Amino acid sequence: MQRMGKRAGETVDGDGASGEPQGAATLTRRRALWVGGGLLAAGAVGLAARDELRHWWWQLPGNDKPRKPGEVDHRGARWVAASPENYRRADRPADYDIDRVVVHVVQGSYASALRVFKDPAHEAAAHYVVRADGRLAQAVRELDVAFHAGNRAYNERSVGIEHEGFVDRPESFTDAMYASSAALTADICRRYGFPADREHVVGHVEVPGTDHTDPGPHWDWDRYLRLVRAELRGPGRRPAKS
């Protein structure tokens, strides 16, 4: 685009060949720029409105994605429902793209995590909890936005996985836990199409604005990502249908 505001005696296109009076040519170009800018602005507004519509269309009667009571997203998980106060109903990834896994540590037991997730006053829940022996529970559907990360944008874009144990006790993190959690993370990466790396698989401590320290210094990231990538090189499991 050429710069406006030429010196007197110059034509807009700079070559003197337009045949129009100089002022008329300037006005024509300026009008075209304003009209084009207006169309671009209107288009941007339209895109923003359409994007916002994607975020709440499912709230309208009859637009909900089919859901079956007790259905899980990862084969082998046990359904233990969180209180609806601890997550926000959504239709991911149709309304919010999923491109993160956030790794948490409970600072307690598997049973205590599931208990507080059922408590409406707790105001938080993760999608999954992993027990020391590798057993998995799902408390929130991946469709929905779980309140787990302490950051709204991360909640909307991520799946949260809690692990029983304590950040200062390396014995909390067993072989069975790593293997089960890695298979789950690989399944999530595969289904939503994002890589198993430290940009997309993060700890709660790395979420912007958080005051949490989990999974802590004893969580073996190198080992964990090796296990996730090994799972991804395998044939993969068919996820439960939504």
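Residues numbered from 1 in each chain as written. Predicted model: local features only at pLDDT ≥ 70, side-chain atom pairs only at ≥ 80, totals over all residues. Heavy atoms only, no water.

Things to note about the nonpolar core
- Within the largest apolar cluster, 29 residues are counted, with the highest numbers of intra-cluster contacts made by I161, I188, V201 and Y224.
- Mapped by element, the contributors of at least two residues to this core are β3 (100-105), β4 (128-130), β7 (158-163), α4 (175-192) and α5 (221-233).
- Setting aside chain neighbours within four positions, we find I161 in contact with V101, V102, V103, H104, Y128, V130, S181, L184, T185, I188 and Y224. (Core = buried A, V, L, I, M, F, W, Y, C linked by side-chain atoms within 4.5 Å. Buried < 20%, exposed > 50% of the residue type's maximum accessible area, 1.4 Å probe, protein only. Helix = DSSP H or I, 4+ residues; strand = E, 2+ residues; numbered from the N terminus. Contact = heavy atoms within 4.5 Å.)

Points about the pattern of salt bridges
- Taken as a whole and judged by the stated rule, the model has 12 salt bridges.
- Between D144 and R67 there is a salt bridge; the shortest N-O distance is 2.9 Å. Highlighted residues: D144 in the loop between β5 (136-138) and β6 (145-146) and R67 in the loop between α1 (22-56) and β1 (78-79), separated in sequence by 77 residues.
- Overall, the relative accessible area of 2% leaves D144 in the buried class.
- One salt bridge connects D175 with R223, and the closest N-O pair in it is separated by 2.5 Å. Pair noted here: D175 is in helix α4 and R223 is in helix α5, with a separation of 48 residues, a long-range link.
- The partly exposed category is assigned to R223, whose relative accessible area is 24%.
- Salt bridges here are not isolated pairs; linked through shared partners, they connect E71, D73 and R141. (Salt bridge = Lys/Arg side-chain N within 4 Å of Asp/Glu carboxyl O.)

Observations concerning the sheet that holds β7
- Reading across from one edge, β1-β5-β4-β7-β3-β8 is the order of the six strands in this open sheet, with mixed pairing throughout. Each having just a single partner strand, β1 and β8 (201-203) make up the two edges of the open sheet.
- In terms of strand pairing, β1 meets β5 through two bridges, oriented parallel. Residue R78 lies in a different strand from β5, and its bridge partner there is A137. (Pairing = 2+ DSSP bridges.)

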